Amino acid sequence: MTKLLTVLLPTYNNYELFMRVVRSYSKDSRVEIIVSDDSDNFIEKKHISTLCENNNIKYIEGIKKLPCENWNYLLEMVKTPFFVINHHDEFPSNLDFLECLD
């Protein structure tokens, strides 16, 4: 199946919230998730990268500059017709909006 939506997920030092975002999107096969992680906490970074590896999520070591530079870096990777930038503390309650896109 061709992917419809790319979720760009900049994250920083918060595995628990990051995991909620991934759970929100990961069950829909039309969604691709790309993570840019600029965490400086080794334990958090390891948890995030391991979750990505175990769930076939593209993981990128984030640009450690301004947040907007990290987001722009992620934007260059979009290959789907639609995208959304979800910070690690923002997550949808449902994915009904995908039906409108499809």
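The text that follows walks through the structure, step by step, so that each part is easy to find.

About the criteria used
Residues numbered from 1 in each chain as written. Predicted model: local features only at pLDDT ≥ 70, side-chain atom pairs only at ≥ 80, totals over all residues. Heavy atoms only, no water. Salt bridge = Lys/Arg side-chain N within 4 Å of Asp/Glu carboxyl O. Buried < 20%, exposed > 50% of the residue type's maximum accessible area, 1.4 Å probe, protein only. 1 Å grid on protein atoms, 1.4 Å probe; cavity = no way out; pocket = protein on both sides within 12 Å on 5 of 7 lines; lining within 4 Å. Points joined across faces, edges and corners; volume = space filled by probe spheres on them. Helix = DSSP H or I, 4+ residues; strand = E, 2+ residues; numbered from the N terminus. Nonpolar A, V, L, I, M, F, W, Y, C, P; charged D, E, K, R; others polar. Arc of directions from axis to C-beta. Contact = heavy atoms within 4.5 Å. Polar contact = N/O pair within 3.5 Å; in protein donor to acceptor, adjacent residues only side chain to side chain.

1. Observations concerning the pattern of salt bridges
Side-chain pairs of opposite charge can arise where the charged atoms are in close proximity.
Working step 1: Following the criterion strictly, the structure yields four salt bridges and no others.
Working step 2: Put simply, Arg-30 and Asp-28 hold a salt bridge, and the shortest N to O gap is 2.8 Å.
Working step 3: For Arg-30, a relative accessible area of 10% translates into the label buried.
Working step 4: For Asp-28, a relative accessible area of 15% puts it in the buried group.
Working step 5: A single network of salt bridges, built from pairs that share partners, joins Asp-28, Arg-30 and Glu-99.

2. With respect to the layout of surface pockets
Working step 1: Each pocket or cavity is described by its volume, and for the largest pocket that value is around 180 Å³.
Working step 2: For the largest pocket, the full set of lining residues is Lys-3, Tyr-25, Ser-26, Asp-28, Ser-29, Val-31, Glu-32, Ile-33, Asn-55, Asn-56, Ile-57 and Lys-58.
Working step 3: Top contributing element to the lining of the largest pocket by residue count: strand S2 (residues 31-37), with three residues.
Working step 4: Of the residues that constitute the lining of the largest pocket, the class distribution is four nonpolar, four polar and four charged.

3. Concerning helix H1 (residues 15-25)
Working step 1: Considered for burial, the residues of H1 that qualify are Tyr-15, Phe-18, Met-19, Val-21, Val-22 and Tyr-25. End-on view of H1: buried residues confined to an arc of 160 degrees, all on one side of the axis.
Working step 2: Lining the buried residues of H1 we find strand S1 (5-11), S2, helix H2 (42-54), strand S4 (82-85) and helix H4 (97-101).

4. Topic: the side chain of Thr-80
Working step 1: Here Thr-80 is to be found in the loop between helix H3 (67-75) and S4.
Working step 2: Looking at Thr-80, the relative accessible area reads 12%, which means it is buried.
Working step 3: Among the polar contacts made by the side chain of Thr-80, one reaches the side chain of Thr-6 at a distance of 2.7 Å.
Working step 4: Within the structure, the side chain of Thr-80 is placed 2.6 Å from the backbone oxygen of Phe-82, a separation counted as a polar contact.

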